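Chain by chain, the residues run as shown.
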Amino acid sequence: MSKLPTWKELAIGGVIPKAGSSIEKKTAGWRSNRPIRSNEKCIQCLRCWIFCPDSSILVKDGKVVGIDYDHCKGCGICAEECPKKVVAITMHPESEFEGSKKD
Amino acid sequence: MAKYVSLTGNDAAATALRQVRPDVASAYPITPQTELMHKFAEFVANGDVDTEVILVESEHSAMSAAIGASAAGARVFTATSSQGLALMWEMVYIAASCRLPIVMPEVNRALSGPINIHCDHSDSMGCRDAGWIQIFAENSQEAYDSTLQAFRIAERKDVLLPTMICFDGFIISHTNEPVALLQDAQVAAFVGDYKPERALLDVEHPFTVGGLDMPEWYFEHKRQQVEAMRNAFSAIEAVGQEFGKLSGRPYGFLEGYRMDDAECAIIALGSTCGTARVAADEAREQGIKAGVIKLRIFRPFPMRQLRQALGRTKTVGVLDRSISFGIEGGPLFHEVRSHLYGDDRAILPFVYGLGGRDIRVEQIVEVFKTLRDAGKSGLKDRDVEFIGLRE
């Protein structure tokens, strides 16, 4: 708490005075299911990227390269939208990953 | 020589707003505010002012649109009454906590139910803790003058709080009175250009409005609002004096009448203060040293100024035009008594005029008699007295 700004230092009105702060703020803490993506199965249709409500599908040079686990809330839309014949993304309870780095 | 015209309170406020030339206005009609927006819309339709008027579908939307436009960097107003204010409640608090200097004439009308369109102060009293500056006008002239001043007060850098100008529905809003108007150029120079520190339309400097505050942030933002309200004292004073130099009508936090040697005083808000002054004259003819304090600013509450103005009075009657259930007296009484804690005076609560019931001179003379008798008997406290109620 001691590092947070005092009321005199804080911008008024509850504004966040700069852009892009959501990149710094990790908001995946409440995720209960983690999407796991198989690069081998993926056909690069980009449906997961289109539908992800949190911009958490990482794309480079037009191809999906991974998932941003710092911001993914585990809603499962990517797994739902992944074509049924492909199933490159599957959801797994976070409890399976206990002990490993969560986010 | 000032130009006098015959205007209702609504027309006077609309004229002030035309002269201020706000960038954006959001509008939804509600009695008795409706004619204010009619008049302003007429100014817009006639090309007398180039404000962008947003016709919205409810008061909740009216305040939401005002908040959006203000955050975008515009100078904004809206106006409302009673149920309209009640419907915009949620956004009224958000406007204040976002520190957006929105100006809003609030034409006082009783809250339902039973449904009633006439004057009392229950609507604006309900949001006394919303974080808005609240100015009460006694007549059309004050509605005009305070609307002009509200922009300056609200927009001062160390204040940045929304401001409502409260005036009595029908009694002021629909009654023609002579009003001295400033010239358009004088108003333009007085209010100046609005230059917000941050504006969403300034895409070179992006920022976020309305973000989520977790427990480690919210408290500090509330503390900032406390500071802004404290700073509003000097803003109100400075703007009121500057306006006085411009118009010959200086303004402060309150106005005393025959208070120099008064032994008993009445404190009230709005149009009743005129009636109370006549009553004070009559009471003095009957040997009562009577005085009146018209409270102009309710938020921030001018405790220091009020204590000073009360001078040597022994008994104080507080006239509330709204009611608080489950506690004796109305909000004005509670605030006055709270700020005079430890004081030796008798401070007695009166409630009058709910739902637009008239209050007459002779009724206020009776209040002065009650105060005189309390001074003699040493009565310090009693239950609320209802003026003009059929018992």
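Since the structure is predicted, the reported quantities are computational estimates derived from the model, not experimental observations.

Let us look at the packing of helix α7 (residues 140–155) of chain B against helix α8 (residues 184–191) of chain B. Residue and element names in this part refer to chain B. Running from N to C, α7 and α8 point in directions that differ by 25 degrees, and their axes come no closer than 9 Å. Between α7 and α8, the interaxial angle falls into the category roughly parallel. In contact with L148, F151 and R152 of α7, α8 contributes V187, F190 and V191. Of the residues assigned to the contact of α7 with α8, the class counts are 5 nonpolar, no polar and 1 charged.

Residue and element names in this part refer to chain B. What the domain assignment lists for chain B is domain 1 (3–247) and domain 2 (254–386). Between the C-alpha centres of domain 1 and domain 2 the distance comes to 28 Å. Facing the 27 residues of domain 1 at the interface are 20 residues of domain 2. Broken down by secondary-structure element, the contributors of at least two residues to the side of domain 1 that touches domain 2 are α6 (122–126), β6 (133–136), β7 (163–168) and α9 (215–247). Looking at the side of domain 1 that touches domain 2, the element that brings in the most residues is α9, giving 5 residues. Split into classes, the residues belonging to the side of domain 1 that touches domain 2 amount to 15 nonpolar, 7 polar and 5 charged.

On to helix α12 (residues 331–339) of chain B. All of the buried residues in α12(B) are P331(B), L332(B), F333(B), E335(B) and V336(B). Here the buried face of α12(B) lies against α6, β10 (264–268), α11 (303–310), β13 (315–320) and β14 (346–351) of chain B.

Cut-offs applied
Residues numbered from 1 in each chain as written. Chains lettered and ligands numbered in written order. Predicted model: local features only at pLDDT ≥ 70, side-chain atom pairs only at ≥ 80, totals over all residues. Axes fitted to C-alpha atoms, helices over the stretch in contact; angles between N-to-C directions. Helix = DSSP H or I, 4+ residues; strand = E, 2+ residues; numbered from the N terminus. Parallel < 35°, antiparallel > 145°, perpendicular 65-115°, else oblique. Contact = placed C-beta atoms within 7 Å. Nonpolar A, V, L, I, M, F, W, Y, C, P; charged D, E, K, R; others polar. Domains from an automatic or database assignment. Buried ≥ 20, exposed ≤ 12 C-beta atoms within 10 Å, placed from the backbone.

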